[in-house]
Amino acid sequence: MAVNLAGSRASCGAPDAAALRSVFETITVESCPRSFNFHMHTVCSDGRLQPEQLIHQAVEIGLQGLAITDHHSVNGYLRARQWLADQQQTQPERVIPQLWTGTEINAGLLSDEVHILAYAFDLDHAAIQPYLQGTTPTGKSYQAAQVIGAIQQAGGLAVLAHPARYRRSPQELIPAAVDLGIDGVETYYAYNNPSPWRPSPKETEAVGSLGDRYSLLHTCGTDTHGLSLLQRL
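Read on for a plain summary of the structure. Predicted model only: the values in this text are computed from it and were never measured. (Residues numbered from 1 in each chain as written. Predicted model: local features only at pLDDT ≥ 70, side-chain atom pairs only at ≥ 80, totals over all residues. Heavy atoms only, no water.)

## Remarks on the pairing of strand β6 (residues 102-109)
Sheet faces and side chains relate simply in a regular strand, where the side chains alternate between the two faces. Just so we agree on the cut-off: Think of it in three bands: with a 1.4 Å probe and only protein chains considered, a residue is buried below 20% of the maximum accessible area for its type, exposed above 50%, and partly exposed in between. The numbering of helices and of strands both runs from the N terminus, where a helix is a DSSP run of H or I of at least 4 residues and a strand a run of E of at least 2. We treat two strands as partners when DSSP finds at least two bridges between them.
Along β6, eight of the eight residues are buried, which leaves the element largely enclosed by surrounding structure. Across the two faces of β6 the burial is the same, with G102, E104, N106 and G108 and T103, I105, A107 and L109 all buried. Pairing geometry for β6 and strand β7 (residues 112-119), over eight bridges, is antiparallel. If you follow E104 over to β7, its bridge partner there is L117. The loop that links β6 with its antiparallel partner β7 comprises two residues; one of these, L110, has a positive phi angle of about 55 degrees.

## Section: the sheet that holds strand β10 (residues 217-220)
The following threshold applies: Only the contacting stretch of a helix is used when fitting its axis, a line to C-alpha atoms as for every element, and angles between N-to-C directions run 0 to 180 degrees. The criterion used for residue contact is that any of the two residues' heavy atoms lie within 4.5 Å.
Strand order in this open sheet of five strands is β6-β7-β8-β9-β10, and the pairing throughout is mixed. The open sheet is flanked by β6 and β10, the only strands paired with a single partner. For this sheet the average axis-to-axis angle between neighbouring strands, irrespective of direction, equals 40 degrees. By the bridge criterion, two bridges tie strand β8 (residues 157-160) to strand β9 (residues 184-188) in an arrangement that is parallel. Paired with V159 across the bridge in β9 is G184. Helix α1 (residues 17-24) contacts β7, β8 and β10 of the sheet and is inclined by roughly 35 degrees relative to β8.

## What to know about the sheet that holds strand β3 (residues 65-67)
An order of β2-β3-β5 is seen for the three strands of this open sheet, with the pairing classed as parallel. Pairing within the sheet leaves two strands with one partner each, and these edge strands are β2 (36-37) and β5 (98-100). Pairing geometry for β2 and β3, over two bridges, is parallel. Across the sheet, the residue bridging to F36 is G65, located in β3.

Keep in mind that these numbers describe shape and distance, not what the molecule does.
In structure tokens:
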């Protein structure tokens, strides 16, 4: 999936949920953090990396595909996209990763607050705009059903982030999210911030089994908030 932007592929960051779905269908326990990473934060929300630092690091690691998922914002994505476009101009032969649109949205589900990752959406679509204002939505817009629907109306994929980090269990939350039309779950996640980064075995097995039961996509991400894409904190 790594692309040379001088080639025939669409420009980096173009919304393409079908292509991303195909990638998600290949994700395994070995995919993250050196091949794919779909959960990362910059200074545009609560991370420490500048977007330009993040995308440069992604290139150096050799990531094939990624999404920046700042909370309720695509500003980091836009800056990273510009950095990649500049690379295309100065080094057209350079192979760089595919960058998809992304954001992380707070939402209410079963009287619990969960995080829903949005991917490959049209960032100009009206439905997604309430969720890109830098703050947690309120009222009807806060409900998971509304969040999932808005992501999908904007052409994107909706994924339940780190399902084993909430007050309610994955066994409760995942079926409820399925009833609302969720596309996937973040199966491969490091809950205790191990070094080196690796998905937590117990939670991976539980979430993965539920994902398979409901025919969901499996995703992975480091949830980076610090200065390394190979670590959560």
